Amino acid sequence: MSARAFPIILSAHRFNVINSLLERKIEKRPDRVRLQGRILFLTEDPELIKRQLAGEDLPWDTKTPANNPKLRDDISTDEITPAHYCFYFDETLGEIPYLGLKCGSATPIGRGEVKRGGFVCAVSGKRRGKGSSREQSPYAEMCAGIQVVIAENIERIYKQNCQNLGVLTSTDFSLIDRIRGGQEIPLSEFTAGEDEITRQVIEYGGLFPFNVARMQKKVFLPPIKSFVKPEISGKVRRDTVPPMTLAEKIFARHMINDKGEVGVAAVKPGDTGFAQADLRFSHEYVTPMAAIFFERYVGKDAKVNDASSIIFFRDHLTFLDEVISEEKKKLGLLDLATQLKLKQQEFAARQGIKLHGELKDRKGSEGICHSIVLESYALPGQLNIGSDSHTPHVGAIGCVAFGIGTTDVFNSWITKDVRVKVPESVKIVIRGKKHANVTAKDLILKILSLDYVRSGKALAKVMEYAGEAIEQLSVDERATMTNMAAEIGGFTGIVAPDKKAVDFLVERRGMDRKKAEAMIGGLYSDKDAPYAHVIELDAAEITPMVATPGDPGNGKYVRDLNTPVPVEIAYGGTCTAGKNEDMDMYAAVLADALKHGKGIADSVKFYIQFGSQETREYCLRKGYLDVFQKAGAIVIEPSCGACINAGPGVSTRPDQVVISAQNRNFPGRSGPGQMYLASPLTVAASAVAGYIVEYEPSEKKELVGA
């Protein structure tokens, strides 16, 4: 491949970086793997795990799986590395893996036990690594000695993070006997079925050595063949581009072609390559670890590529000091969290990168990364990457946006691009008109409860939302749908931009209307575009939903709860539910209650947290702060807060019931309590009633006051 293949990297002001990397010695890992150590089976039975940690090797029948104990499904990254321990960004993480793993009501794994156990392989069931994009999870496993992860299926970001770090992954349970027997296993068995680029990333032992080999022209990048169809009309031949989905069109615009230029005529699912990112962002949970990788592998004085298209955020841990336990303070975790903030500030200042940080005049942040990116940065047709699994949030205005891990982040600072395997798309069509008390959150909780999603068939696919019910949603509400593509395990979520997207850009950004209208031209799926699957729902059949504790996929209708569920904490906020229209909903319910002489139930604390300062200003203009205060709600400045166990609204007891408008309720994510997920309307109505209820405007049905 010619030097023209890297025009982004090889610009004049990058030679100080490139020269050092061009001279770096890079070699592939051996083509045969021998793993010497034990296998840890992450079972549902906590006693079996404890016995393994005590030194017993669990028998496992690879030929008759029915004879084996049940493996834990749906192990989230919150369980692999609980949020507070992600404040470590070095090899100390090797003491942490699986500290949050729930088996029934037990958490059987203690600090350092995996590392002391001499395990080289960890085995689990379906949907391993779901949830957060935190690379601390596979990094913790790697530092504890885990070299191979085996599971029935593996979430996209987690798997890619493993590959980027050099941790091997497989869905082949027959490897168990061979690992136990100390046999040599061809590396090709871990690359089988992978695309050409992923195969080479695995062979080089990670993304960074692969990218160095890429710069040294040692690797093969398969060209993306524009599979245009020749058509003859008379004596004239015309090449026609085949039908593509909206996401595929955007990928085609951003893929780097074999001449090193940006853009190809067409792509199809399975095409692999590198896509240039319009925007790259990260927050204080990830930036410091990425910065350390950058300084270690590239150089302390090296400069990032195009700092103007990189944004940092201080949004996750702003209120941590208010909820962190004394025990964790004694472990030094609060001090570590402060170091995260300082490292990000220092790196941003040295690199000239925009940092949306803490407020100067009061406690809080400028806003949650996803909220600010939607309000101020993302544009239709863009390709954006961020260090957070909820990066698809901005798909609400018709751009492809997806979460990446730490290694992808720091590599993108060098190359300005990201490794991509063009995903298949799933079309989710919601027809008809929704009920007035049904919101986007109810629609997505319904989708999450479907067998197609729960079984993992939607993993790593684009979720394209369409149909009359989606068209009726505002951009804020569409963002709830695209944001929670992360809970589906999808690659991203997207809605074709239309007049509502144009209005959003005009009204919220001050953009010229003609410019905004031109921007959405061609951004729709072609009529005959191929989909991996089509889901069709009737909005009229969907009533307010909750997801019962443990998983966002545990969806059921509120009216189907067998007995009243009293709540102690109600929480409205986060990127998913801290937007302008979410505030409209909280305010509507509370104003309705006040009109009837009611407020928040005495037994409930209701926290409302803004997603951004722009949303706070919106609430001031609308008079919502007075409504919230009079009703008895506790209003909080922007931050991710309770959603990641780092702010007011977290539970403190296992028996405490929480109803929250956030996006996840994995075990331990927001404290030890029992968390139900619901819409802003349901959360606010439940805060007034004192137990989980559907919201109905007072002229139809009065809320039951406490």
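Here the residue numbering is sequential within each chain, running from 1 through the sequence in written order. Per-residue local features are limited, in this predicted model, to residues with pLDDT of at least 70; the limit for side-chain atom pairs, both in listing and counting, is 80 or more; totals at the level of whole chains, interfaces and linings are taken over all residues. Excluding hydrogens and water, the side-chain values take into account all heavy atoms of the structure.

Student: Please set out the pairing of strand S23 (residues 605-609) residue by residue, giving values where relevant.
Tutor: Regular strands place their side chains on alternate faces of the sheet. Partly exposed describes any residue whose relative accessible area lies between the buried limit of under 20% and the exposed limit of over 50%, with all areas from a 1.4 Å probe on protein chains only and scaled to the type maximum. Only runs of H or I of at least four residues qualify as helices and only runs of E of at least two qualify as strands under DSSP, and these elements are numbered from the N terminus. Burial runs high along S23: four of the five residues are buried. Any two strands between which DSSP finds at least two bridges are classified as paired. Direction of pairing for strand S22 (residues 569-572) relative to S23: parallel, over a ladder of four bridges. Across the sheet, residue Gly572 finds its bridge partner in S23, namely Ile608. As defined by bridge partners, S23 adjoins strand S24 (residues 634-636) across three bridges and the pair is classed as parallel. Its bridge partner lying in S24, Gln609 is registered against Ile636.

Student: Describe in detail the layout of surface pockets, supporting the description with residues and values.
Tutor: Put simply, the largest pocket is a space of about 1200 Å³. Method remark: on a 1 Å grid restricted to protein atoms, a set of points is classed as a cavity if a 1.4 Å probe fits but cannot get out and as a pocket if it is open with protein on both sides within 12 Å along at least five of seven lines; lining residues have an atom within 4 Å of a point. In terms of lining residues, the largest pocket is bounded by 48 residues, among which Asn645, Gly668, Gly671, Pro672 and Gly673 are the most central. Mapped by element, the contributors of at least two residues to the lining of the largest pocket are helix H13 (326-330), S23 and strand S26 (674-678). In the lining of the largest pocket, the residues fall into 19 nonpolar, 19 polar and 10 charged. Grid points are joined across faces, edges and corners, and a volume is the space filled by probe spheres set on the points. Roughly 770 Å³ of volume is contained in the second largest pocket. As for the second largest pocket, its lining consists of 31 residues, and the residues nearest its centre are Arg156, Lys159, Glu194, Lys421 and Ala460. Elements with a minimum of two residues in the lining of the second largest pocket: helix H6 (156-165), strand S5 (168-170), helix H8 (188-191) and strand S15 (417-421). Gly is placed with the polar residues, together with every amino acid not listed as nonpolar (Ala, Val, Leu, Ile, Met, Phe, Trp, Tyr, Cys and Pro) or charged (Asp, Glu, Lys and Arg).

Student: Got a sec to walk through the packing of aromatic side chains? Specific residues and values, please.
Tutor: Pairs of aromatic rings are described using the distance from one ring centre to the other and the angle between the two planes. Here is the rule: rings of Phe, Tyr and Trp (six-membered ring for Trp) pair when centre to centre is within 6.5 Å. Planes less than 30 degrees apart are stacked, more than 60 are edge-to-face, and the remainder are tilted. Within the structure shown, the criterion is met by 20 aromatic pairs. On the basis of an interplanar angle of 85 degrees and a centroid distance of 5.8 Å, the ring pair of Phe281 and Phe313 is categorised as edge-to-face. One end of the pair, Phe281, is in strand S10 (residues 279-283); the other, Phe313, is in strand S11 (residues 310-313), and 32 residues separate them in sequence. Here Phe281 matches Phe313 in class, with each residue buried. Arranged with centres 6.1 Å apart and planes meeting at 55 degrees, the rings of Phe293 and Tyr297 form a pair that is tilted. Taken together, the residues span about one helical turn, with Phe293 and Tyr297 both in helix H12 (residues 287-297) at a distance of four residues. Owing to a relative accessible area of 5%, Phe293 belongs among the buried residues under this scheme. Exposure remark for Tyr297: the relative accessible area of 31% places this residue in the partly exposed category. Taken together through their ring pairs, the aromatic side chains of Tyr139, Phe208, Phe293, Tyr297 and Phe410 make up a single cluster. The rule for a charge over a ring is simple: NZ of Lys or CZ of Arg within 6 Å of the ring centre, and within 35 degrees of the ring normal. Geometry around Phe491 places Arg156 over its ring, the cationic atom sitting 4.3 Å from the centre. Lying over the aromatic face of Phe274, Arg214 brings its terminal NZ or CZ to 3.7 Å of the ring centre.

Student: Describe the environment of Ile692, with residues and values.
Tutor: Its location among the elements puts Ile692 in the segment after helix H28 (680-689). In this structure, the C-alpha to C-alpha distance between Ile692 and Ala678, residues 14 residues apart in sequence, is 9.3 Å. Apart from the residues within four sequence positions on either side, Ile692 is in contact with Val546, Val558, Leu561, Val565, Val567, Ile659, Tyr676, Thr682 and Ser686. We call two residues in contact whenever any of their non-hydrogen atoms come within 4.5 Å of each other.

Student: Tell me about the nonpolar core, and please be specific about residues and values.
Tutor: Counting 104 residues, the largest nonpolar core has Phe251, Phe402 and Trp413 as the members making the most contacts within it. Considering each element in turn, this core owes the most residues, six residues, to helix H10 (residues 207-215). Once residues lying within four places of it in the same chain are set aside, the contact partners of Phe402 are Arg156, Phe251, Leu383, Asn384, Ile385, Gly386, Thr391, Pro392, Val418, Val420 and Phe491. In terms of nonpolar packing, the next biggest core, distinct from the first, is built from 42 residues, Leu590, Phe610, Cys619 and Val683 among them. Working definition of a nonpolar core: buried Ala, Val, Leu, Ile, Met, Phe, Trp, Tyr and Cys residues. They are joined through side-chain atoms within 4.5 Å.

Student: Describe in detail the sheet that holds strand S13 (residues 383-386), supporting the description with residues and values.
Tutor: Sheet strands pair via backbone hydrogen bonds, and the direction of the pair is either parallel or antiparallel. The strand order across the open sheet formed by five strands is S12-S11-S10-S13-S14, and the pairing between neighbours is parallel. One side of each edge strand has no neighbouring strand; the edge strands of this open sheet are strand S12 (354-356) and strand S14 (400-403). Sheet twist, expressed as the average angle between the axes of neighbouring strands with direction ignored, equals 20 degrees. Sheet topology note: the S11/S12 ladder contains three bridges and is parallel. From the neighbouring strand, Ile311 faces S12, where its bridge partner is Lys354. Note on definitions: angles span 0 to 180 degrees between N-to-C directions of axes, and those axes are lines fitted to C-alpha atoms, for helices only across the stretch in contact.

Student: Help me get a handle on empty space enclosed by the protein, residues and values and all.
Tutor: Going through the model one piece at a time under the given rule, you end up with nine cavities of 30 Å³ or more. Within this model, the largest cavity holds a volume of roughly 230 Å³. His283, His316, Asp388, Ile644 and Arg669 are the residues nearest the centre of the largest cavity, which is lined by 22 residues in total. Each residue belonging to the lining of the largest cavity can be placed in one class, and the counts come to seven nonpolar, 11 polar and four charged.

Student: Quick rundown of the side chain of Thr415? Include the residues and the values.
Tutor: Within the secondary structure, Thr415 is located in helix H16 (residues 406-415). Residue Thr415 is classed as buried on the basis of its relative accessible area, which comes to 2%. For Thr415, the side chain forms a polar contact with the side chain of Asp417, separated by 2.6 Å. For the purposes of these results, a polar contact is taken to be a pair of N or O atoms within 3.5 Å, where, inside protein, one atom must be able to donate a hydrogen and its partner to accept one; residues adjacent in sequence count only when each atom of the pair is a side-chain atom.

Student: I'd like a description of the confidence of the model for the protein, backed by residues and values.
Tutor: Mean pLDDT over the protein: 93, with 94% of residues reaching 70 or higher. The pLDDT value tells you how sure the predictor is about a given residue, anywhere from 0 up to 100. Contacts for the low-pLDDT stretch residues 1-16, under 50 throughout, to residues beyond four places or in other chains number 35 contacts. This model gives residues 702-706 a pLDDT under 50, and the stretch forms 17 contacts once residues within four places in sequence are excluded.

Student: Please provide a residue-by-residue account of helix H9 (residues 196-203), values included.
Tutor: Taken across its eight residues, H9 has six buried, putting it largely inside the fold. Taken together, the buried positions of H9 are occupied by Ile197, Thr198, Gln200, Val201, Ile202 and Glu203. Here the buried face of H9 lies against H6, S5, H8, H10, strand S9 (272-276) and S15. If you check the start of H9, you find a side-chain oxygen 3.1 Å away from the backbone N of Ile197, and it comes from Asp195. In the stretch just after H9, Gly205 is the one whose phi turns positive, near 85 degrees.

Student: Report on the sheet that holds strand S16 (residues 425-431), specifying residues and quantitative values.
Tutor: Strand order in the open sheet formed by four strands is S18-S17-S16-S19, and the pairing between neighbours is parallel. Two strands close off the open sheet at either side, each with one partner strand: strand S18 (492-495) and strand S19 (533-538). Looking at each pair of strands side by side, their axes are set apart by 20 degrees on average, direction ignored. Relative to strand S17 (residues 462-466), S16 is paired through five bridges, and the arrangement is parallel. By the bridge assignment for S17, Val429 is matched with Ala466. Of the strands in this sheet, S16, S17 and S19 are in contact with helix H17 (residues 440-448), which crosses S16 at around 125 degrees. Set on the sheet, helix H20 (residues 475-483) makes contact with S16, S17 and S18; between it and S18 the angle comes to about 150 degrees.

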